[in-house]
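# Topology and contacts: notes
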Amino acid sequence: MKIRVHVSLKPGVLDPQGRAVHHALEGLGFAGVEDVRIGRLIELDVADGTDDAALADMCEKLLAHTVIENYRIEKVD
Amino acid sequence: MAFRAAVITFPGSNCDRDMAVAIERVSGTAPIRVWHGDARLPEDLDFIALPGGFSYGDYLRSGAMAANSPIMQSVKRRAERGVPVLGVCNGFQVLTEAGLLPGALMRNASQNFICRTVALKVENDRSLFTSGYKAGQIIDIPVAHHDGNYFADDETLDMLEGEGRVAFRYVENCNGSQRDIAGVLNAEGNVLGMMPHPERAVEQAHGGTDGLALFENAIKTLVSA
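The rules behind these values
- Residues take numbers from 1 onward in each chain, read along the sequence in its written order.
- Lettering for chains starts from A, numbering for ligands starts from 1, and both go in the order in which the items are written.
- In keeping with the predicted nature of the model, local features appear solely for residues at pLDDT of at least 70, side-chain atom pairs appear and are counted solely at 80 or more, and the whole-chain, interface and lining totals rest on all residues.
- Side-chain figures throughout are based on the complete set of non-hydrogen atoms in the structure, without hydrogens or water.
- Secondary structure counts use DSSP, requiring at least four H or I residues in a row for a helix and at least two E residues in a row for a strand, with both numbered from the N terminus.
- Throughout this description, buried means an accessible area under 20% of the type-specific maximum (1.4 Å probe, protein chains only), exposed means over 50%, and partly exposed covers the range between.
- Polar contact is defined as a pair of N or O atoms within 3.5 Å, subject to the rule that within protein one atom must be able to donate a hydrogen and the other to accept it, and that residues adjacent in sequence are counted only when both atoms are side-chain atoms.

Next up on the list: the environment of Asn149 of chain B. Residue and element names in this part refer to chain B. Within the secondary structure, Asn149 is located in strand 8 (residues 149–151). Residue class for Asn149 comes out buried when judged on its relative accessible area of 5%. In sequence terms Asn149 and Asp18 are 131 residues apart; their C-alpha atoms lie 23 Å from each other. Here Ser177 takes part through its backbone nitrogen, which lies 3.5 Å from a polar atom of the side chain of Asn149.

Here we take up unusual backbone geometry. All names here are of chain B. For Asp58, which is not glycine, the phi dihedral falls at a positive 60°. Note on placement: Asp58 falls in the loop between strand 3 (47–50) and helix 2 (64–67). Residue Asp58 is classed as partly exposed on the basis of its relative accessible area of 22%. In this model, Gln111 sits at a positive phi of 75°, which is unusual for a non-glycine residue. Here Gln111 lies in the loop between strand 5 (104–106) and strand 6 (114–122). With relative accessibility at 25%, the residue Gln111 sits in the partly exposed group.

Here is the structure:
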């Protein structure tokens, strides 16, 4: 079973990388970019039947740092 | 009795030797060097140090992998039993990732790696680690980090300030840290995490000795206890 874990900075947490990329996009002449936030995509291949609680536990314990990050678990067919 | 300290080395630690030298310089006894994969810590430790560096190549997040390495379970249990733990730089990142200290260390606001000596203001002069200084004292300690931008939510920051758990602040904020925080203590006061490197300021050849009082005070207090 393929899983994608999307990890993103919580709203309100400063994202220096996103800010730098935002400036770079403006420097390239792309207008109308309001904001850029950079996150992380983690792809897992787990045993079929791995339950949602176990996946959430992986995110809480390691994949995301919940002080600063949110995560979203996506199951890929 | 000889002072029993342990310095933990993770793959990618690079300040472990500096830390061991600083501790030995003050205590007269070389610390026990412990590898991250060791199942447990030596018995009867007086002091545990988590050194700076780039453990596990900073994979995932700085300190995240080290915080889940086998030895850290043992470090957590000792910390809970009151053994003093000092985490410097990557060691601070490991302590936050391990949940022994609140907050997180994020990429510097400037995006730059910062490597220079900075002025710190001593905020708390009552802890084991900081009572060799006076509150308000300005000390010069080197920093060398890319991810030193301390973040916690306002509620946590208010709590840390209210409980006197901010150990040091930057006189001039070099990395974007919330409320200029450079080092924090746990509620019991036996765990200190700080981004600046006191072990790099313990002899004149380092350019300054302002880090010495931290080790001297902690070790003297522990030895006489």
